[in-house]
Amino acid sequence: MIGMAGMMVISMLTGALSDRFGRKTLFIFHNWLVLAVSIAMVFVKSEIAFLILRFIEVGACVAVFMCVYGIVTEISAPSNRVVGTSIYIAGWTLGMLFVILVAYFVREWKNLQLILTTPLILTGVTFPFRSIKAVVVVVVVVVVVVVVVVVVVVVVVAAAAVTVLLVEIRQSPKWLLSRKRYSQAKAVLQTIARVNGKPLPRTDFSEAILESKHASASFFKGLLLLFKSPILAFRLVILSISWAVNAMVYYGVGLNLGFVIPGDIYLNFFVITVSSLLVLPLMAWILVAKGRRLFLCLCMVLGGIFCIATIFPSLGSNNLSWVTTVLSYVGKLLLTTSFAIIWLYTTELLPTHVRLSGVGFCNFFGRLGAMAAPYVATLVRFRKKTLSAGVSLSERMFPNFIPKLVSK
């Protein structure tokens, strides 16, 4: 509940701030914030202080995801945007597998918190440095400290790998263009062209100059611009409803995994995570070939049907728990896919200068749905999956009112 409230508030603020100050700037800030708060949570004694830190930690985590997702979306060509975001989600899923592995062997939450926070130490201390030589020196020093304190080799390896990748992250060229920083945007585009082994086409950035006239100049202007256009405002309403329902059903199943899916919770979480990773190539292919709207509706409808179907094996006298498990796995997989699609759908429907403000707005309502999920599960334990599935099925109609998108 507290964590979802943090996601709700901080994601909305981060969206507006990142449109004003840049995606990378907010990404770096939240990386440091998560690092500091996560360590502080282990040592606080007051319940109120712990809840406040939890509020900030979870909210900052989703802010990191949102900022990087914005960068990935904006540096990817429209024809390759699905592939780029799918690779990013695959990295997130691999991180979930790492969490499962560590959590299986480390059951005490304080030790688990410190171990999982360790990679942020390396990524945090290397951001101020521009040269690879300085980064290498800092990484070596920090790795020695980490080995002495934590003595977890796999964490050190993961942290070093993440550091090398994150230190090369550039500011979003589309955001730079929207803020009239043409020389910086050109430098980033030249780097991208050089890495890809292709020449940078000559351009006068005419579209960017036109769009920069509408770039937000203040904190709240970006949010207000979302509602100046009736079409944009209508899209936001539909997307917000879709976010709220997707989040409620997704977390309604995920946070009650031990009750919803019979068996060992670690094994179930592992199977669902691996399944989500394996389905990403198929999801990317369908999104490129058939577009977003139809596939999003299909995932929500089928996810609702499979969730409804899980109640029938429990009504019989025979032991059909394996049927419930299979139906639950498939339903959760479809819900995960629809959630991944709606992130991409939202970023593509909004213009650059208010893109993350809109994502933050939708995320705000998504977390309202997520906050309701535990209470729905508590109040209607037996009918929970039926209720969630029914809402998912009814919500399927809303994406029909927003435009289709294909990779063009």
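How each quantity is defined
- Residues numbered from 1 in each chain as written.
- Predicted model: local features only at pLDDT ≥ 70, side-chain atom pairs only at ≥ 80, totals over all residues.
- Heavy atoms only, no water.
- Helix = DSSP H or I, 4+ residues; strand = E, 2+ residues; numbered from the N terminus.
- Contact = heavy atoms within 4.5 Å.
- Areas by Shrake-Rupley, 256 points an atom, 1.4 Å probe, with all protein chains shown as cover.
- Phe/Tyr/Trp six-rings, centres within 6.5 Å; stacked < 30°, edge-to-face > 60°.
- Core = buried A, V, L, I, M, F, W, Y, C linked by side-chain atoms within 4.5 Å.
- Buried < 20%, exposed > 50% of the residue type's maximum accessible area, 1.4 Å probe, protein only.
- Axes fitted to C-alpha atoms, helices over the stretch in contact; angles between N-to-C directions.
- Parallel < 35°, antiparallel > 145°, perpendicular 65-115°, else oblique.
- Left-handed = near helix turned anticlockwise from the far one by under 90°.
- Nonpolar A, V, L, I, M, F, W, Y, C, P; charged D, E, K, R; others polar.
- Expected span 1.5 Å × (residues − 1).
- Bend = angle between axes of the 7 residues up to and from the residue.
- Disulfide = S-S within 2.5 Å.
- Salt bridge = Lys/Arg side-chain N within 4 Å of Asp/Glu carboxyl O.
- pLDDT = per-residue confidence, 0-100.

### Describing the overall build of the chain
On a plain count of helices and strands, the chain comes out with 19 helices and zero strands. Contacts in the chain between residues at least 24 apart in sequence constitute 79% of all its contacts with a sequence separation of at least 6. Counting only carbon and sulfur atoms, one obtains 73% of the accessible surface of the chain, whose full area is about 19,700 Å².

### Digging into the packing of aromatic side chains
Tallied over the full model, the rule gives 14 aromatic pairs. Between Phe65 and Trp92, the aromatic rings sit 4.7 Å apart at their centres with planes inclined by 75°, giving edge-to-face as the arrangement. Of this pair, Phe65 sits in helix α3 (residues 47-75) while Trp92 sits in helix α4 (residues 81-105); the two residues are 27 residues apart in sequence, bridging distant segments of the chain.

### Side note on the nonpolar core
Residues Tyr251, Phe339 and Trp343 are the most contacted members of the largest nonpolar core, which totals 61 residues. By residue number, the principal contributor to this core is helix α12 (residues 230-254), which donates 11 residues. Once you skip the residues sitting within four places of it in the chain, Phe339 turns out to touch Trp243, Asn246, Ala247, Tyr250 and Tyr251. With six residues, the next largest nonpolar core counts Phe98, Ala103, Leu112 and Ile115 among its residues.

### Some points on the packing of α3 against helix α17 (residues 321-349)
Packing of α3 against α17 brings their axes to within 11 Å, and their N-to-C directions diverge by 60°. By the angle between their directions, the pair α3 and α17 is classed as oblique. In terms of crossing hand, the pair formed by α3 and α17 is right-handed. Between α3, through Phe65, Met66, Tyr69 and Thr73, and α17, the contact on the second element is made entirely by Ala340, Trp343, Leu344 and Thr347. Taken together, the residues of the contact of α3 with α17 sort by class into six nonpolar, two polar and no charged.

### Some thoughts on helix α14 (residues 265-290)
With 26 residues, α14 should cover 38 Å at 1.5 Å per step; its first-to-last C-alpha distance of 35 Å lies within 8% of that length. The axis of α14 is deflected most strongly, by about 35°, at Leu280, and proline Pro281 appears within four residues downstream. Every buried residue of α14 is accounted for by Asn268, Ile272, Thr273, Ser276, Leu280, Met283, Ala284, Ile286 and Leu287. A positive phi of about 90° marks Gly291, the residue just after α14.

### Points about the environment of Leu51
Relative to the helices and strands, Leu51 is located in helix α3. Judged by relative accessible area, Leu51 falls into the partly exposed class, the value being 41%. Taking the C-alpha atoms as reference points, Leu51 and Met41, 10 residues apart in sequence, are found 8.9 Å from one another.

### Here's the deal with the state of the cysteines
Applying the stated criterion across every chain, the model contains zero disulfides. Unpaired in terms of disulfides, Cys297 finds its nearest cysteine sulfur in Cys299, a separation of 9.5 Å. For Cys297, a relative accessible area of 3% gives the class buried.

### Here we look at the pattern of salt bridges
Summed over all chains, the structure comprises four salt bridges. The partner of Arg54 in a salt bridge is Glu57, with the nearest N and O atoms 3.0 Å apart. Placement of both Arg54 and Glu57 in helix α3 is noted, with a separation of three residues, approximately one turn of the helix. Put simply, Arg81 and Glu348 hold a salt bridge, and the shortest N to O gap is 3.5 Å. Note that Arg81 is positioned in helix α4 and Glu348 in helix α17, a separation of 267 residues in sequence. Glu348 shares its class with Arg81; the two are buried. Several salt bridges converge on common partners, so that one network encompasses Arg23, Glu74 and Arg355.

### Regarding the confidence of the model for the chain
Considering every residue of the chain, the mean pLDDT works out to 74; 71% of them sit at 70 or more. Across residues 208-213, confidence stays below pLDDT 50; counting only partners more than four residues off in sequence or on other chains, it has 10 contacts. Under a pLDDT of 50 for its full length, residues 382-387 has, in the predicted model, 17 contacts with residues more than four places off or in other chains.

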